[in-house]
Amino acid sequence: MTWFITDNPEVFRSEAGSFLAARPDLHTMLLSGLETIEQLRSGGENPPTVLGWWREPEETATTAAFVWTPPHLLAASRLSPVAAAHLSRLLSAGTHPFTQLLADAASVRAFCEAWRTTTGSAPKNGPHLRLYRLEQLVRPDVAPPGAPRAATDGDRALLHGWCTRFVMEAGSLGADLDAFIDERLSRGGWRLWEVGDEPVAMAAMTPVVAGMARITPVYTPPGQRGRGYGSAVTAAVSQAARDAGAEHVLLFTDLANPASNSVYRRIGYRPVLDYRIVAS
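Residues numbered from 1 in each chain as written. Predicted model: local features only at pLDDT ≥ 70, side-chain atom pairs only at ≥ 80, totals over all residues. Heavy atoms only, no water.

(A) Expanded view of the side chain of E183. Relative to the elements of secondary structure, E183 occurs in helix 6 (residues 177-186). Of the residues examined, E183 reaches a relative accessible area of 18% and is grouped as buried. Leave out the neighbours within four places in its chain, and E183 touches Q39 and P207. (Helix = DSSP H or I, 4+ residues; strand = E, 2+ residues; numbered from the N terminus. Buried < 20%, exposed > 50% of the residue type's maximum accessible area, 1.4 Å probe, protein only. Contact = heavy atoms within 4.5 Å.)

(B) Structural view of the nonpolar core. Judged by nonpolar contacts, the single largest core of 25 residues is most densely connected at W193, I215, A241, V249, Y264 and Y269. Mapped by element, the contributors of at least two residues to this core are strand 6 (124-134), strand 9 (198-205), strand 10 (212-219), helix 7 (229-243), strand 11 (248-254) and helix 8 (258-266). If near-sequence neighbours (up to four positions away) are discounted, W193 is found in contact with P144, P145, G146, A147, P148, E198, P199, V200, A201, Y229, A232 and V233. (Core = buried A, V, L, I, M, F, W, Y, C linked by side-chain atoms within 4.5 Å.)

(C) The arrangement of empty space enclosed by the protein in detail. Scanning the model with the defined rule gives 1 cavity of 30 Å³ or more in all. Of the voids in this model, the largest cavity is the one considered here, and its volume is about 40 Å³. The wall of the largest cavity is formed by L26, H27, T28, M29, L30, A75, A76, L102, F252 and Y275. Secondary structure elements with two or more residues in the lining of the largest cavity: helix 2 (28-42) and strand 4 (74-76). Sort the elements by how many residues they give to the lining of the largest cavity and helix 2 lands first, with 3 residues. When grouped by side-chain class, the residues that make up the lining of the largest cavity number 8 nonpolar, 2 polar and no charged. (1 Å grid on protein atoms, 1.4 Å probe; cavity = no way out; pocket = protein on both sides within 12 Å on 5 of 7 lines; lining within 4 Å. Points joined across faces, edges and corners; volume = space filled by probe spheres on them. Nonpolar A, V, L, I, M, F, W, Y, C, P; charged D, E, K, R; others polar.)

Following this line, the structure appears as structure tokens:
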């Protein structure tokens, strides 16, 4: 039993692609991370890349995987205790410093125990997240004033300002901010909620990969909160994801924010699994 490692996305897809595609909801971060790596390489960039898949002794099927572009967050699938222990040893001895891990809560607990044994130190706890999947989109009984529209290049300064505030409040988006904004603009992935001619909330979606798209980020400026704009723009971008072909429309919420969890449940999102982020 071992981790197999490559920096070649094509090799990784051949070894772990079927495993990831079998549960695109649980593997949303790995699938979107892999897609980003492939897009960057097709554009001539060569980001540092570590891709891993796990197999049990004498088995040919992949049963765990991770996608990592150091120094950014490492996204892992469900890990058995043995796979988590081997991953901790791999990362502690690797050439790239390990910074953050995202995985389901049980896998993170197993990894943390192994990391303490391997390194003698405990990882630092980060956010506790909940993954939601859209079932049936529910429109509010009383819709807020205004309407959605797709953002355009003319909205770039606004998007940059709001994304900067989002990062200050919620943490990193895990990518270069300019590239993050432009990638979504290039394929119509942003939605703004406008009242009159004034944008009051924004939301965006990832590309559709393996039938999955994820909603991120969602942001309403402080002065506009509590009026239903956040849920309205989330519903609008969720419908756009469905229209683009996403069977699984997903989003993560911070469990420390009960208000946002309540909002997403009201418009049709249902919990899938709890996740944690830990840092070295």
